[in-house]
Each structure stands twice: as C-alpha cells, then as structure tokens.
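# Geometric and topological summary
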Amino acid sequence: MAGVKKDLGYDKEGFKRVMRKRDYMADMSGQFALGLMANLVGQLQYFYTDKVGLAVGSVGVVLLIAKIVDALTDIWVGNIVDHSKGGNRKYYTWMMRMAVPAGAIVVLMFTVPIQAGQFAALAYALITNLLITAVIYTLIATPFAAAMVVRTKSQSERGSMGVFRAVGNYGSGMIIAIATIPITNLLGGTQSAWIKYGAVIGLTVILLFLICYFNGRKAEFAEDEGSAQEEEDPVPFKSAVSYLFRNKYWVIVLVFNLITSVTNGIVATSGAYYTKWIFGNDNLVGIMGAAGLLSTAVGFAVSKPIISKLGVQRTVYAGLIGAAAAAGIRCLAPASFTMYLVTSLLGSFIQIPLMCLYGVLLAMAVDYNEYKYDKKLVAVSSGAIGFGSKVGNGVGSLILSAFLMVGAYDATLEVATTSMRFAIYGFANYLPLVLNLVMFFIFTRFDIEKKLPAMRKEIEVRHAAKKNDMP
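Overall, the coordinates contain 27 aromatic pairs when judged by the stated rule. Residues Tyr-46 and Tyr-273 carry aromatic rings whose centres are separated by 5.8 Å and whose planes lie at 90° to one another, so their mutual orientation is edge-to-face. With Tyr-46 in helix α3 (residues 44-52) and Tyr-273 in helix α10 (residues 248-277), this residue pair connects regions lying 227 residues apart in the sequence. This pair shows no difference in class: Tyr-46 is buried, exactly as Tyr-273 is. Aromatic pair Phe-440 and Phe-441: ring centres 5.5 Å apart, planes at 80°, arrangement edge-to-face. One aromatic cluster is present, formed by Tyr-249, Phe-256, Tyr-317, Tyr-368, Tyr-371, Phe-440, Phe-441, Phe-443 and Phe-446 through successive ring pairs. Residue placement shows Arg-97 over the ring face of Trp-94; its charged tip is 4.5 Å from the ring centre. Looking at Arg-165, its charged tip hangs above the ring of Phe-144, at a distance of 3.8 Å from the centre.

Using the criterion set out here, one finds eight salt bridges in the structure. A salt bridge links Arg-462 to Glu-458; its shortest N-O distance comes to 3.1 Å. In this pair, Arg-462 and Glu-458 both sit in helix α17 (residues 452-469), four residues apart, roughly one turn of the helix. Here the salt bridges share partners, and the residues they tie into one network are Arg-158, Asp-367 and Arg-456.

Cut-offs used in this document
Residues numbered from 1 in each chain as written. Predicted model: local features only at pLDDT ≥ 70, side-chain atom pairs only at ≥ 80, totals over all residues. Heavy atoms only, no water. Phe/Tyr/Trp six-rings, centres within 6.5 Å; stacked < 30°, edge-to-face > 60°. Helix = DSSP H or I, 4+ residues; strand = E, 2+ residues; numbered from the N terminus. Buried < 20%, exposed > 50% of the residue type's maximum accessible area, 1.4 Å probe, protein only. Lys NZ or Arg CZ within 6 Å of the ring centre and 35° of its normal. Salt bridge = Lys/Arg side-chain N within 4 Å of Asp/Glu carboxyl O.

What follows is the structure in structure tokens.
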C-alpha cells in the first residue's frame, strides 16, 4: 500500500489517489456490460412489433409495467446492500453472482413464443423483462453505481471514473445501434437471427462482468487504511427513504435521470422507426452509428477538459441546451437525411460530457447525506440512478407507443402514412426539445458544487471530534 501511495500521491484537494489505469479499464468493462444489457433492452420495442408481431399498444403497457416494478426494486436493493457486511468490496460481489444469469437472460428475452398466441407471448415478454431489469440488472447496477462513491474520495478520480464509465456505456450503445439491425438482417432478419445475436452479446456480458469483479475484489480503496473503513450503522428502510426525499440534491439527481432516460430511450428506439419509415431503409441505423464513432471519440477526448473548465453545473447546462437546440434544428427539415444525421451527431457530441457526470452528481448527493444526516446511505442513494433510468425508459416506451397509436401505426404497410410520419416526428424531434428544456430549468436548483469543499471540511471536523471522544 505504501508503494501505491508514493506512486499515485494525492489530488489538489488532498485526497489520496487510488486508481490505476487497469482499475479504470476494469471499471469500464462493468459499465460496458451493463450498457449492452440496457441498450439491447432498448431494442425490444422494435423487435416485439416488427419481428415478433406483438400489438403496439400492448407492448407499450408491458414495457411500462416492467420498468415501474423494476424501478421500485432499486432503492430496496440499495437498502439491502447498505445493511450487508463485507466492507467496500461487497459492492462487487453481486457482479460475480449474477454474471451467468445476466448472459442467459439476454438470450431468453428474444425467445418469445409467438406461436402460442398474443397473450402467452406478452406474458413471456413481461416475465423476461422483469427478470433482466428488475432482478438481474438491478442486483448488479445498484451496488456498482455505489462503488464509485466508496472507491475514491478524490473528485478528480471520480470524474475520470465517470468518463470511463460513460465511454463504456456510450460505446456499448454505439455497438448495439450500429450492429443490431444490419447483423440480424444479415442473419435473415427473423426471430431466430435475433436469438443468435443475443447469444453472442450474452457471452460478452459474462466475460466483462467477471473482468470487473476480479479487479474490484483485489482493488485498493481510499478508506482501506486503519480503522477508517467501518461499517455504517444500518438505517431502517423507511428512515433511509425519508432522508433521501428530504435531500433536494438527491431528488434532482433522481428527476435528472428520469427525464434524460425518457429522452435517451426514445431517441435510441426512434432511430429504427425513423430510418425505416422516413428514409425507407432501417439499415441506415448502422450507417449513422458508424458515422457517429468519430464525433463520439472526439467528444470523450474533450470531456475531461470541458468539465474541468466549466465545472459540473455549467457542463450539464451546455449538454441540455445543446441537445434541445439540435432537436429544434431537426424540426425545420425533418425529412432530410443530412439534417437528421448532422443534428443527431451534434446532439450526441454535446451531451457526452454531461453523460460523464452521472456518477459525480450521485456522489455529491451522497456527500450531502453525510453532511446533513451523518449517514452516507451509499447504496440506497444509488437507487436514484437506477430508479430514474428505469422508470424513464418505461415511460419513454409508453410515450413512444402512444405516439405510434395516435399515428395509427401499421407495421405491415410498405410506405408510411402521413399520420405515421407526424407521429415519428413528434417523438423523435419535438419531444426531446421540450424535455431537455424542462430539465435545464430543474437543474438550476443544483447549487451544491460551490458548497462542497466547506461541507467536506465540516464532515472531517465531526469525524475527528468523534474519534477524540472515543475511550
């Protein structure tokens, strides 16, 4: 440990650095695996309606139910993790336990028994969605989100972890966006093709989770020294939830994840519908994804300097206003592929630094828990990310289904009707414009960034006083 301390030193705020390159890469692999699962689930609406033949309205209801149930498990699982023993490494234990089930469910969610009828197929879709999101994904993602908070106290290292996790999450999304439609079409475009594709993704998920687990099991944590790593006294679930909802910063992080997930979920799913019905070729999704690789690489390359220059709050402002502007510009010429491509790439590029801050925002909310309540509530607080994301994705699926129903969507047609086109324009262009502006105004209340140094100093004074009072 002494060698690590000498090699890595301390950040400008005096907090010990503990993260090596291999730690960042392993941490990214865990987020990459989670991203593969989440983004593949995001393709299910198109798979259910256009490949299996399930009713559009029923699919929206099934996905919403699954997401609501899923979201309710996040805070509950977080409370279980907070009450468990095992020190800081307990946050990685579930990744090992759930790696194989995660790989298996990725395949099973495509084996919808449509031959048994609509009701049986919808029931199967609901059960597999609940298993992959409410059970398996939650048991991995909630403690994994919490791991960033306890892994290091350095805001700089947390920021770097955020960048690497964002690369993993966005990179997995790019792979799913680029590869899914072209590869499944190459394999025949049938349900069987999607099952084969899912099997490859499932094996990749298992491998990535195990890489992250084995690194986390032997990693150095900022609180490994001395008696600093003490188990926090358990807080009853009801009290923990009460604390969280009285922490306005946690509530803002919750709403932030909810609204951005609605937007991102709709944008991710809308690509297949947009390219198929507006441009006449759903294989263009892959071309657009490939074109986005360069802008994505540049976006991540400049993320850390941008965040360092602007700070957390202004970086979020820039991402939200930029995404709203891109969607607004696209509304001016919605049938132009060039306009759609350019504004989509621009909107993604502008939001990349914002994506790097999800974990940092959560860590700030956890710091405020400790300042206000003298309790970190690390894992249960991490439910903000899972709860907001999952409910947001479910609401996004329902909203998308509602637009399609209002537009009288018919997957059997050769050419889109006027109502179908306007429905697609509505959820792909106008809705992201409105939601990003709403989130901008909500986030103006997130004013903790400048207060954080003074809060941390007061927390240190409290801890020192407690140690002095000990017999």
